[in-house]
Every structure is written in C-alpha cells, then in structure tokens.
Amino acid sequence: MAQSPSVFAQYEDHPLVEAARELQPMIRACADEIEETGSVPREIIEALTARGLYRLNLPARSYGEQAHPLVVFHVIEALAHADASTAWVVMIATEVSLLAAYLPNPVLSQMIGGEEPGGPSCRIVGSSRVMTTAEPDESGYRLSGRLNFVSGVEHATYIVATFLDFEDRVRFALLPQRAGTIIETWDAMGLRGTGSHDWEVDRAFVQNAHTWAALDPPCAEGPQWNVPDRSLVAWIANAGHAVGTAQGALDDLAEVASESTTGDTAALREREPFRLAFARAQAEVSAARAFVQEAWTTAWPSIEQGTPDTRLLGRCRLANVHAVHACVDAIELLFRAGGTKAARRTWTLERRWRDLQTARQHGAALEWNFDAGVGPLLGMEARRSR
C-alpha cells in the first residue's frame, strides 16, 4: 500500500502548510514567553488568522478553506514543530470548526463575517461535552453552565457549547465569546501556553437558528462531512500535533548533541546509548507520520465517493491514535537518554516531553481508539467515538 512521494507532496507543500512554516521563526522566538505567560501573543494569533489557519475546517461555501485532512495534519505539524501550545489552540479551533459546519451556510457565513474581504477572521473553539443547561425562550434557549478546558478561549470569537434540549437530545449552540465569562483555571504541567481556561454563561440567549442537534445531517457539502464519525476527521490534527512536537524535539536535540552532559565530558552524540535512542526515536516518529499519510491517502477516495470504507477508516483511526502514543514514547526514550541536561529548561526537550504527556490526555489518544480502529479489520461493526 506504499504511496509515491509525489502523492504526499500535494499536501506537504500546500500553500496553507507553507504559510504555517513561514510563521515558525516568529512563533519560536515567542516560545519562552508563551510558556511563562500561559498565552499565545496577540500578534501571533492575528498572523495565524490572517493566513487562514483558523478556518481550515470551515466550509468553502462559508468562505472557509475546507482543507484536506492531510493538509490540516501538516499545518498543525508545522506549527507544533515551533511551539506545541500555539499549535494546540489552532488544532482545537480546527476540530471545533467541523461542528460549526452543521449550521446552514448562509447562517454560518453571516455569523462569522464570511463575506468580509479576505474571508472570515473568526476563531471558533468550545467543547462537545454537555456542560450547559437550557431554559425555554420565545425564539431559542437561555443557556447556563461552565465549560472547562476551552483551549484558546482568550482569543476566540465564538464558542461551541453543548446542552440537552427539552427532549433530552444533545444539541450544540454557537455563541459569541463575549456572551460568557472567562474563568482563569488553566495550570497544567504541559501545554501551558494554551490558555485552556473555563468559560461560563448565565442565561445567555441563543436563537434557534444558531443551534443544531447532534444527530442532524451536516449542512456543509464536502467529503469531510461524509465520514460517519466526525471525530475521525477532527483527530488527525492531534496526530499532526504529536508528530510536529516530537520532530521539533529531535531537531532541537540534534543541534545540542555536541554538548557534553553534566558529569560526563563526552558529548551526547559521542555516546552510543544516546545515538541508539535517537535513532529509535527518529524511526518511531517518521513511521508514525508515514502511517498517517498512507492510511488517509488510501481511504480518501472512498470518502470522496460518498461510500466510506469502514476498514480503511479503521486504519485511519489507528494511524491517528498510534501517532500520539508513538511520539510520546519516542520523546520519553530521548528524555531518558539525554542525561542530566534533559531536565534543564535551557533545552526544549523537557518542555516537549511535558507538552506531549499532557496532549496524550486528550480523547484522541484514549486506548478506546485502538479498539475502535481494529474492530472493522476484524469484521466487527464500526464504533463511534464516545
């Protein structure tokens, strides 16, 4: 099932991926500030927005990019190579934008300013966990509740909130960020710059037209919304985040491998155990990247034709979740082999290690995904995300 390198080049060298790479020096220069302040600077957010990187999964008819999943993968990979927190907030916005596409295109376009010159400058974040309650209103709902782990909420323009309607059906709502209050709660070992705070609403009004039921068919037209379980398309971004963060650690470490470790005059690259660990880590990360590329390239034609192959989708899910776990394991290997200096903040390795450990707590990396991915390969019925 090997693919020609030219097949992957159309995604690796896509203009949106190049735009992300162009921002790497700017993001890297702010990485320490992002870590210390717990927030991505406004100038970086604006640069990401201006280049369309917040609208990767918005429908084309709503003036979004509607990018191929592998383009999304490589955009997030490129951003994570520079800084994992910056990539994470774009990743979450990209994933949540898939939900917003369940609104009719005219409604969504009007809400996010899609007809403005240059396209929409919106940044949509939120949560699919049911954490708000609804009260009846003449033309909609009054929502109250508190969402947690809302990555990128500080710079968001819209929030997706989830609630149960009056028939106990899961329903989503798209609200302006200003309709609620940010509660600063984010204090974690890794991804410290994501600003993943809580967001609270108290009887915030949302009209019916700005809500949709979880089981509604999507209003957007495109293969992204032909996949039975939308988490599958969303979570390729998590794979890109893991691969980019891990490869960034490898590249950073290669630059300092000529330095000696504390208590040892030999440089890291002169030590065979380190070289072996580095080789294994690089192989793991490269293999994880290749599996994602191969699985999605193979599966995509069936998705475009509107007849998704469940076996091929199972392989896509395995590729997504495997990438996260393989990259965590690879950096763990490097961390152990790096000696005393690996724990020092003057290297980026300890930060990358913490970022990946935290990223693994996301639903995209749950062991359940391995089981769900292998099911169709064993002739079992495909299972949806929890």
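Given the structure is predicted, the values throughout are model-derived calculations rather than measurements. (Residues numbered from 1 in each chain as written. Predicted model: local features only at pLDDT ≥ 70, side-chain atom pairs only at ≥ 80, totals over all residues. Heavy atoms only, no water.)

1. Topic: the overall build of the chain
From N to C terminus, the chain includes 14 helices and 7 strands. When the backbone C-alpha atoms are referred to their principal axes, the chain occupies close to 75 × 45 × 40 Å. Burial statistics for the chain: of 386 residues in total, 59% are counted as buried. Within the chain, counting contacts between residues at least 6 apart in sequence, those at least 24 apart form 74% of the total. Looking at the chain as shown, the accessible area adds up to about 16100 Å², and 50% of this sits on carbon and sulfur atoms. Taking the average location of the 35 positive side-chain charges in the chain and that of its 49 negative ones, the two points are 3 Å from each other. (Helix = DSSP H or I, 4+ residues; strand = E, 2+ residues; numbered from the N terminus. Buried < 20%, exposed > 50% of the residue type's maximum accessible area, 1.4 Å probe, protein only. Contact = heavy atoms within 4.5 Å. Areas by Shrake-Rupley, 256 points an atom, 1.4 Å probe, with all protein chains shown as cover. Lys, Arg positive; Asp, Glu negative; His and termini not counted. Charge placed at Lys NZ, Arg CZ, Asp CG, Glu CD.)

2. Thoughts on a nonpolar patch on the surface
Residues Val 130, Leu 164 and Val 170 make up a contiguous nonpolar surface patch of about 200 Å² in total accessible area. Checked against the element boundaries, Leu 164 lands in strand S3 (residues 158–164). Look at Leu 164 and you get partly exposed, because its relative accessible area is 37%. (Patch = residues over 30% accessible without salt bridge, like charges linked within 9 Å, V, L, I, M, F, W, Y side chains within 5 Å. Salt bridge = Lys/Arg side-chain N within 4 Å of Asp/Glu carboxyl O.)

3. Some remarks on the packing of helix H6 (residues 69–82) against helix H11 (residues 272–304)
Contact geometry of H6 with H11 gives a least axis separation of 10 Å together with a crossing angle of 160°. When the interaxial angle is binned, H6 and H11 end up roughly antiparallel. Along the contact surface, H6 presents Pro 69, Leu 70, Phe 73, His 74 and Glu 77, while H11 presents Arg 289, Val 292, Gln 293, Trp 296, Thr 297 and Trp 300. When grouped by side-chain class, the residues that make up the contact of H6 with H11 number 6 nonpolar, 3 polar and 2 charged. (Axes fitted to C-alpha atoms, helices over the stretch in contact; angles between N-to-C directions. Parallel < 35°, antiparallel > 145°, perpendicular 65-115°, else oblique. Nonpolar A, V, L, I, M, F, W, Y, C, P; charged D, E, K, R; others polar.)

4. Looking at the nonpolar core
Judged by nonpolar contacts, the single largest core of 126 residues is most densely connected at Val 75, Ile 124, Leu 174, Leu 253, Val 292, Trp 296 and Leu 334. Looking at this core element by element, the count peaks at 14 residues for helix H12 (residues 310–337). Sequence-distant contacts of Leu 174, defined by excluding residues within four places in its chain, comprise Leu 103, Leu 108, Met 111, Ile 124, Tyr 158, Ile 159, Val 160, Val 206, His 210 and Trp 212. (Core = buried A, V, L, I, M, F, W, Y, C linked by side-chain atoms within 4.5 Å.)

5. Topic: the sheet that holds S3
Read from one edge to the other, the open sheet built from 7 strands follows the order S5-S6-S2-S1-S3-S4-S7, with strand pairing classed as mixed. Each edge of the open sheet carries a strand with a single partner, namely strand S5 (181–183) and strand S7 (211–213). Neighbour-to-neighbour, the strand axes of this sheet turn through a mean angle of 25°, independent of strand direction. Packed on one face of the sheet, helix H7 (residues 84–100) meets strand S1 (124–137), S3, strand S4 (170–176) and S7 and runs near 40° to S1. (Pairing = 2+ DSSP bridges.)

6. Brief notes about the packing of aromatic side chains
Inspection of every chain in the model, using the stated rule, returns 7 aromatic pairs. Judged by centre distance (5.3 Å) and plane angle (40°), the ring pair of Tyr 141 and Phe 166 falls under tilted. Here Tyr 141 is found in strand S2 (residues 140–150), whereas its partner Phe 166 is found in the loop between S3 and S4, with 25 residues between them in sequence. A ring pair is formed by Phe 149 and Trp 186, whose centres lie 6.2 Å apart and whose planes are at 90°; its orientation type is edge-to-face. (Phe/Tyr/Trp six-rings, centres within 6.5 Å; stacked < 30°, edge-to-face > 60°.)

7. Quick word on H11
With 33 residues, H11 extends 48 Å between its outermost C-alpha atoms, agreeing within 8% with the 48 Å of an ideal straight helix rising 1.5 Å per residue. Along H11, the sharpest kink reaches roughly 25°, centred on Thr 298 and followed within four residues by the proline Pro 301. Just past H11, the residue Gly 306 takes up positive phi, approximately 80°. (Expected span 1.5 Å × (residues − 1). Bend = angle between axes of the 7 residues up to and from the residue.)

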